[in-house]
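Chains, contacts and geometry: an overview
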Amino acid sequence: MQSPGGHGQVVPFPGRSADQVGFERAELTRILDLYGRMVAAGQWRDYAMDFDAHAATFAAFRRTAERPQARLEKRPALRSKQGMWTLFGEHGQVLKRGHDLANVLAPMERRLLKAVDD
């Protein structure tokens, strides 16, 4: 009998959870497309992403050193309730919640249209 960690055995890395919420490729493409258009319009300059066991978060910043102008959160635990997507404003207020990413991003899309019209 071989000892744990011997040849032919896979031993999980301690302290690391395999459960992590992330964005699917289509979701990330949609989010980064909006981000790119907002950068081109001069609205955003930086972004950050955070992934943990409960949520995946995308935050967009006007400047690096300030709080995010918009924060999008994917929380699968809320899928059967108000929807797993939540868009937060600069001061933490909930701008939109829902089941469909496109609908939740709509307030940012409208802000982009206003920025282009100006």
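Right above here is the structure, for reference.
These remarks concern the structure in this document.

1. Comments concerning the side chain of Q69
- Looking at where Q69 falls in the secondary structure, it is placed in the loop between β2 (56-61) and β3 (70-74).
- A relative accessible area of 5% means that Q69 is categorised as buried.
- Setting aside residues up to four positions removed in sequence, Q69 forms contacts with Q43, W44, A60, F61, R62, F88, G89, E90 and R111.

2. Re the pattern of salt bridges
- Inspection of the entire model under this criterion finds six salt bridges.
- A salt bridge links E27 to K74; the nearest nitrogen and oxygen atoms lie 2.9 Å apart. One end of the pair, E27, is in helix α1 (residues 25-40); the other, K74, is in strand β3, and 47 residues separate them in sequence. In terms of burial, E27 and K74 fall into one category: buried.
- The closest approach of N and O atoms between R71 and E73, which form a salt bridge, is 3.2 Å.

3. Here's the deal with empty space enclosed by the protein
- If you walk through the whole model with that rule in mind, you get one cavity of 30 Å³ or more.
- Here the largest cavity defines a volume of roughly 60 Å³.
- For the largest cavity, the full set of lining residues is I31, L34, W44, F58, A70, R71, L72, L87, L105 and M108.
- Sorting the residues of the lining of the largest cavity by element identifies α1, β3 and α2 (101-117) as the ones contributing at least two each.
- The dominant element in the lining of the largest cavity, judged by the number of residues it contributes, is β3, at three residues.
- When grouped by side-chain class, the residues that make up the lining of the largest cavity number nine nonpolar, no polar and one charged.

4. Comments concerning the pairing of strand β5 (residues 94-98)
- Pairing of strand β4 (residues 85-88) with β5, which is carried by four bridges, proceeds in the antiparallel orientation. Looking at β5, one finds that L87 is bridged to K96.
- Counted along the chain from β4 to the antiparallel partner β5, the turn is five residues long, and its residue G92 has a positive phi close to 90°.

Calculation criteria
Residues numbered from 1 in each chain as written. Predicted model: local features only at pLDDT ≥ 70, side-chain atom pairs only at ≥ 80, totals over all residues. Heavy atoms only, no water. Helix = DSSP H or I, 4+ residues; strand = E, 2+ residues; numbered from the N terminus. Buried < 20%, exposed > 50% of the residue type's maximum accessible area, 1.4 Å probe, protein only. Contact = heavy atoms within 4.5 Å. Salt bridge = Lys/Arg side-chain N within 4 Å of Asp/Glu carboxyl O. 1 Å grid on protein atoms, 1.4 Å probe; cavity = no way out; pocket = protein on both sides within 12 Å on 5 of 7 lines; lining within 4 Å. Points joined across faces, edges and corners; volume = space filled by probe spheres on them. Nonpolar A, V, L, I, M, F, W, Y, C, P; charged D, E, K, R; others polar. Pairing = 2+ DSSP bridges.

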